[in-house]
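One letter stands for each residue in the lines below.
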Amino acid sequence: MAVYGRSRTRSPRASGLKSQLIIDQLHPLVLLVYFILMISFSMCFNHPYFLCGQLIVIIAVNWVAKNQQKTVSTLQGALLMMVLIVIMNPIINNHGTHVMMTVGGTLITAEAVVYGFLMATALAVLLLIFVTYNQHMTNHKFLALFGGIAPQLTLLTMMTMRFFPLFIRRLRDITAVQRTRGIQMATGRLKNRAQAGMHLLAILLTNTLTEALQTADSMTARGFGVQKRSTYRHYQMTHRDYGLLMALISGGLFAFWCASQGNGQLIVYPTLGTLRLTSRDGVCLSVILLIDGLPLLLEGWEYLWWQLHR
């Protein structure tokens with residue numbers, strides 16, 4: 001059945017998709033605005049209700065996208081940093097009026113503890129947002145979005161973003177192969193492990209440089225950089241994309257206006273403010289959670305649509 005002028009089938013609209021979620025079928029411009037808003041919200045609003053709400057929604061988004069393994073590993077790393085920040089901030093920062101205790105002559109204030117918790121939560125939210133970004137904003141979408149504007153800069157950015165994951169994957173493969181020859185860094189004396197590490201690093205660098213030369217020869221053979229090239233536009237904006245883009249921009253402008261009015265902000269210094277939310281805080285929080293949970297809304301709407309029309 002035609003909806004928004006297009007067939008309502010989950011066809012693999014773009015090559016290289018990791019999942020068949022509705023958000024993966026959106027135009028890259030909509031995705032870019034979505035992620036810019038998510039990152040901006042995590043930095044503009046420091047109220048614990050806002051940050052915790054965003055954290056829960058982003059975890060749910062990653063869970064629905066079947067990205068549980070990366071989500072759990074990111075949360076494990078973030079939890080360690082959160083604990084470190086919450087412990088260290090009250091020790092090095094004793095500003096505030098509500099003294100909780102004294103440790104070795106250092107005042108531990110409630111303001112410093114709360115501020116450390118807010119910073120740690122915001123950091124966890126940002127890390128999970130980038131996990132979501134890597135899941136949905138593929139290199140093809142990034143190239144389609146900026147390739148026509150700045151092709152060389154876009155290609156350089158893509159190669160840079162691709163470098164470290166590829167470097168780590170190659171190192172893992174080389175380590176597995178060399179382990180069959182008895183060359184490994186996990187066991188043995190320190191000198192032998194250091195020699196094994198240098199051996200693996202030499203193979204990795206040789207392999208990387210060889211592939212870099214092959215890539216350069218391939219690009220030269222295809223005439224890259226000889227003259228201005230046309231661009232192939234694989235993605236087309238649909239009525240759904242336009243509607244979602246307008247909704248995201250409208251919701252984002254409202255949230256930023258609320259932030260300029262002081263909503264969603266918790267006063268920490270010089271004395272800790274109240275956690276109570278005003279009615280406008282509640283509306284702003286609802287808008288932010290709806291924007292962050294856009295993939296959940298799309299999947300829920302799709303599920304209901306199929307249940308009602310099958």
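This one's a predicted model, so the numbers in the text were calculated from it and none came from an experiment. (Residues numbered from 1 in each chain as written. Predicted model: local features only at pLDDT ≥ 70, side-chain atom pairs only at ≥ 80, totals over all residues. Heavy atoms only, no water.)

### Here we look at the pairing of strand E4 (residues 106-109)
Using the following cut-off: For two strands to be treated as a pair, DSSP must find at least two bridges joining them. A helix here means a DSSP run of H or I that spans at least four residues, while a strand means a run of E at least two residues long, and both kinds are numbered starting from the N terminus.
Here strand E3 (residues 99-103) pairs with E4 via four bridges, running antiparallel. Each residue of the ladder has a partner; that of Met101, found in E4, is Ile108. The turn joining E3 and E4, which pair antiparallel and follow one another in sequence, is formed by two residues; a positive phi near 60 degrees is taken by Gly104.

### Let's talk about the environment of Val72
Relative to the elements of secondary structure, Val72 occurs in helix H3 (residues 68-92). Along the sequence, Val72 and Trp306 sit 234 residues apart, while their C-alpha atoms lie 31 Å from each other.

### Digging into the pattern of salt bridges
We count it as follows: The term salt bridge refers to a side-chain nitrogen of Lys or Arg lying within 4 Å of a carboxyl oxygen of Asp or Glu. Accessibility here uses a 1.4 Å probe with only protein chains present; expressed as a share of the type maximum, an area under 20% marks a residue as buried, one over 50% as exposed, and anything in between as partly exposed.
Summed over all chains, the structure comprises two salt bridges. A salt bridge links Lys141 to Asp24, with the nearest nitrogen and oxygen atoms 3.9 Å apart. In this pair, Lys141 sits in helix H5 (residues 139-146) while Asp24 sits in the loop between strand E2 (6-7) and helix H1 (28-44), placing the two residues 117 residues apart along the sequence. By relative accessible area, Lys141 is classed as buried at 0%. Owing to a relative accessible area of 4%, Asp24 belongs among the buried residues under this scheme.

### Some words on the packing of H5 against helix H6 (residues 151-179)
Under the convention used in this document: Note on geometry: axes are C-alpha line fits, over the in-contact stretch for helices, and angles between N-to-C directions span 0 to 180 degrees. Each angle receives one of four descriptions, namely roughly parallel if under 35 degrees, roughly antiparallel if over 145, roughly perpendicular if within 65 to 115, and oblique otherwise. Left-handed describes a crossing whose near helix is turned anticlockwise from the far helix by less than a right angle; the clockwise case is right-handed. Every residue pair with non-hydrogen atoms within 4.5 Å of one another is taken to be in contact.
Orientation of H5 relative to H6, taken along the N-to-C sense of each, is 160 degrees, at an axis distance of 9 Å. On the basis of the axis angle, H5 is roughly antiparallel to H6. Both H5 and H6 take part in a crossing whose hand is right-handed. The residues of H6 that touch H5, namely those facing Asn139, Phe142, Leu143 and Phe146, are Pro151, Thr154, Thr157 and Met158.

### Details of the packing of helix H2 (residues 48-64) against helix H4 (residues 110-136)
Between H2 and H4, whose axes approach to 9 Å, the crossing angle comes to 25 degrees. Compared by their axis directions, H2 and H4 come out roughly parallel. The handedness of the crossing between H2 and H4 comes out as left-handed. Across from Pro48, Leu51, Cys52, Gln54, Leu55, Ile58, Ile59, Val61 and Asn62 in H2, the residues of H4 making contact are Phe117, Leu118, Thr121, Ala122, Ala124, Val125, Leu128, Ile129, Val131 and Thr132.

### Description of the nonpolar core
To keep it simple, the criterion reads: Among buried residues, the Ala, Val, Leu, Ile, Met, Phe, Trp, Tyr and Cys ones that are joined through side-chain atoms within 4.5 Å form a nonpolar core.
Among the nonpolar cores identified, the biggest contains 41 residues, and Phe35 and Leu248 are the most heavily contacted of them. Contributions of two or more residues to this core are made by H1, H2, H3, H4, H5, helix H8 (239-260), helix H9 (279-292) and helix H10 (294-309). Broken down by element, this core gets its largest block of residues, nine residues, from H1. In this structure, Leu118, Ala122, Leu266 and Val268 belong to the second largest nonpolar core, which totals five residues.

### Observations regarding the domain arrangement of the chain
Cut-off, in case you're wondering: Where a domain begins and ends is set by an automatic assignment or by a domain database.
When cut into domains, the chain gives domain 1 (22-142 + 239-309) and domain 2 (150-221). Centre-to-centre separation of domain 1 and domain 2, based on C-alpha positions: 35 Å.

### Some thoughts on the packing of aromatic side chains
Short version of the rule: Only Phe, Tyr and Trp rings take part, Trp by its six-membered ring, and two of them pair if their centres are within 6.5 Å. Stacked means planes under 30 degrees apart, edge-to-face means over 60, and tilted covers everything else.
Inspection of every chain in the model, using the stated rule, returns nine aromatic pairs. Ring geometry for Trp305 against Trp306: centres 5.2 Å apart, planes inclined by 80 degrees, an arrangement best described as edge-to-face. You can call Trp305 buried: its relative accessible area is 12%. The partly exposed category is assigned to Trp306, whose relative accessible area is 39%. Three or more aromatic residues link up through ring pairs in this structure, and these residues are Phe41, Phe45, Phe50 and Phe256.

### Regarding the environment of Pro28
Along the chain, the position of Pro28 falls in helix H1. Separated by 275 residues in sequence, Pro28 and Tyr303 have C-alpha atoms that sit 23 Å apart. The residues contacting Pro28, other than those within four sequence positions of it, are Met137, Lys141, Leu145 and Tyr235.

### A few points about a nonpolar patch on the surface
Where we set the bar: Like charges within 9 Å and nonpolar side chains (Val, Leu, Ile, Met, Phe, Trp, Tyr) within 5 Å are joined into patches, using only residues over 30% in relative accessible area that form no salt bridge. A 1.4 Å probe and the Shrake-Rupley method give the accessible areas. Residues count as covered only by the protein chains that appear here.
Taken together, Leu79, Val83, Leu84, Ile87, Met88, Ile91 and Ile92 make up a surface patch of nonpolar side chains, about 680 Å² in accessible area. Secondary-structure assignment places Ile92 in helix H3. On the basis of relative accessibility, which here comes to 67%, the residue Ile92 falls in the exposed class.

### Quick look at the side chain of His27
Going by this rule: For the purposes of these results, a polar contact is taken to be a pair of N or O atoms within 3.5 Å, where, inside protein, one atom must be able to donate a hydrogen and its partner to accept one; residues adjacent in sequence count only when each atom of the pair is a side-chain atom.
Positionally, His27 belongs in the loop between E2 and H1. A polar contact of 3.0 Å, which involves the side chain of His27, links it to the backbone nitrogen of Leu29. The residues contacting His27, other than those within four sequence positions of it, are Tyr235, Gln236, Met237 and Asp241.

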